[in-house]
Amino acid sequence: ETIQIILEGHIYSNKQEWQKFVKLLLLTLGAGFCVAGIIFFFAYNWADLHKFIKLGMVQVLIVALAIIAVQSHLSKNLKNITLTAASVLVGVLFAVFGQIYQTGANAYDFFLGWTMFITIWVVVSNFAPLWLIYIALTNTTLILYANQVAHHWSGVYLLTLLFAINAI
């Protein structure tokens, strides 16, 4: 009986916790599908859109989401989900810019820029999914840098560096 009481009090989720989980899950999925829809919109209509429209639409979306995340009276979770969507759209902006102007930059430059531009949002929000995106971007940047520029890095050095950064 004591074990059952401990499990129900500290381990098992009650109805309110499940409702909160489902609510956050659906909000996150909605934001993710919205961002995916924006990406597919650009992919499908790429040839028909003017350069200004391509860049302007993404920039307006990023600014609008950032303003909503900062100025609105939404809950903290909604603000963080909005900021996460804006962070993903920063990557879309870099991709659109790279496709329009064909800068000739290495792939790691794209991910490095994306990582640097969302760093403040990640640190200030301290939201776990946003940190996950940030860590994935950091790892991708380092791996691409090792493959494209730092050919002298050994596999052990790269893995040790990735381990150290991820441990921090």
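The residue numbering used here restarts from 1 in each chain and proceeds along that chain's sequence as written. Under the rules for a predicted model, residues below a pLDDT of 70 receive no local features and side-chain atom pairs below 80 are neither given nor counted, while totals for whole chains, interfaces and linings still include all residues. Each side-chain value is worked out from all heavy atoms of the structure, with water and hydrogens disregarded.

Engineer: How would you explain the packing of helix α5 (residues 107–125) against helix α6 (residues 128–148) if you had to name every residue and give the values?
Structural biologist: Look at α5 against α6: their axes get within 9 Å of each other, and the N-to-C directions meet at 155°. Between α5 and α6, the angle is such that the two are roughly antiparallel. The handedness of the crossing between α5 and α6 comes out as left-handed. Taking contact as the criterion, the partners of Ala-107, Tyr-108, Phe-111, Leu-112, Trp-114, Thr-115, Ile-118, Thr-119, Trp-121, Val-122, Val-123 and Ser-125 in α5 are, on α6, Leu-130, Trp-131, Tyr-134, Leu-137, Thr-138, Thr-140, Thr-141, Leu-144, Tyr-145 and Gln-148. Under the grouping applied here, Gly and all other residues not named as nonpolar or charged are polar, the nonpolar ones being Ala, Val, Leu, Ile, Met, Phe, Trp, Tyr, Cys and Pro and the charged ones Asp, Glu, Lys and Arg. In terms of residue class, the contact of α5 with α6 is made up of 15 nonpolar, seven polar and no charged. Only the contacting stretch of a helix is used when fitting its axis, a line to C-alpha atoms as for every element, and angles between N-to-C directions run 0 to 180 degrees. To qualify as a helix, a DSSP run of H or I must reach at least 4 residues; to qualify as a strand, a run of E must reach at least 2; elements of each kind are numbered from the N terminus. Each angle receives one of four descriptions, namely roughly parallel if under 35 degrees, roughly antiparallel if over 145, roughly perpendicular if within 65 to 115, and oblique otherwise. Each crossing gets its handedness from the near helix: less than a right angle anticlockwise from the far helix is left-handed, clockwise is right-handed. Contact between two residues is taken to exist if any of their heavy atoms lie within 4.5 Å; hydrogens are not considered.

Engineer: Give me the packing of aromatic side chains: which residues, what numbers.
Structural biologist: The geometry of two aromatic rings is summed up by the distance between their centres and the angle between their planes. Working definition: rings of Phe, Tyr and Trp (its six-membered ring) pair if their centres are within 6.5 Å, and the pair is stacked with planes under 30 degrees apart, edge-to-face with planes over 60 apart, and tilted otherwise. Evaluated as defined, the whole model comprises 11 aromatic pairs. Among the aromatic residues, ring-to-ring pairing joins Phe-94, Phe-110, Phe-111, Trp-114 and Phe-117 into one connected group.

Engineer: Any chance you could break down the nonpolar core for me, citing the residues and the numbers?
Structural biologist: Among the nonpolar cores identified, the biggest contains 29 residues, and Val-58, Ile-62, Leu-89, Val-96, Trp-114 and Ile-118 are the most heavily contacted of them. For this core, the secondary-structure elements that each account for two or more residues are α2 (15–44), α3 (51–71), α4 (76–101), α5 and α6. At 10 residues, the largest contribution of residues to this core is made by α4. Apart from the residues within four sequence positions on either side, Leu-89 is in contact with Val-35, Ile-38, Val-58, Leu-61, Ile-62 and Leu-65. Put simply, a nonpolar core is a bunch of buried Ala, Val, Leu, Ile, Met, Phe, Trp, Tyr and Cys residues held in one set by side-chain atoms that sit within 4.5 Å of each other. For every residue, the accessible area obtained with a 1.4 Å probe (protein chains only) is divided by the maximum for its type, and the residue is called buried under 20%, exposed over 50%, and partly exposed between those limits.

Engineer: I'd love a proper account of the environment of Ala-167, names of residues and values included.
Structural biologist: Locating Ala-167 in the fold gives a position in helix α7 (residues 155–167). Note on Ala-167: relative accessible area 56%, which makes it exposed. Ala-167 sits 122 residues away from Asn-45 along the chain, and the two C-alpha atoms are 42 Å apart.

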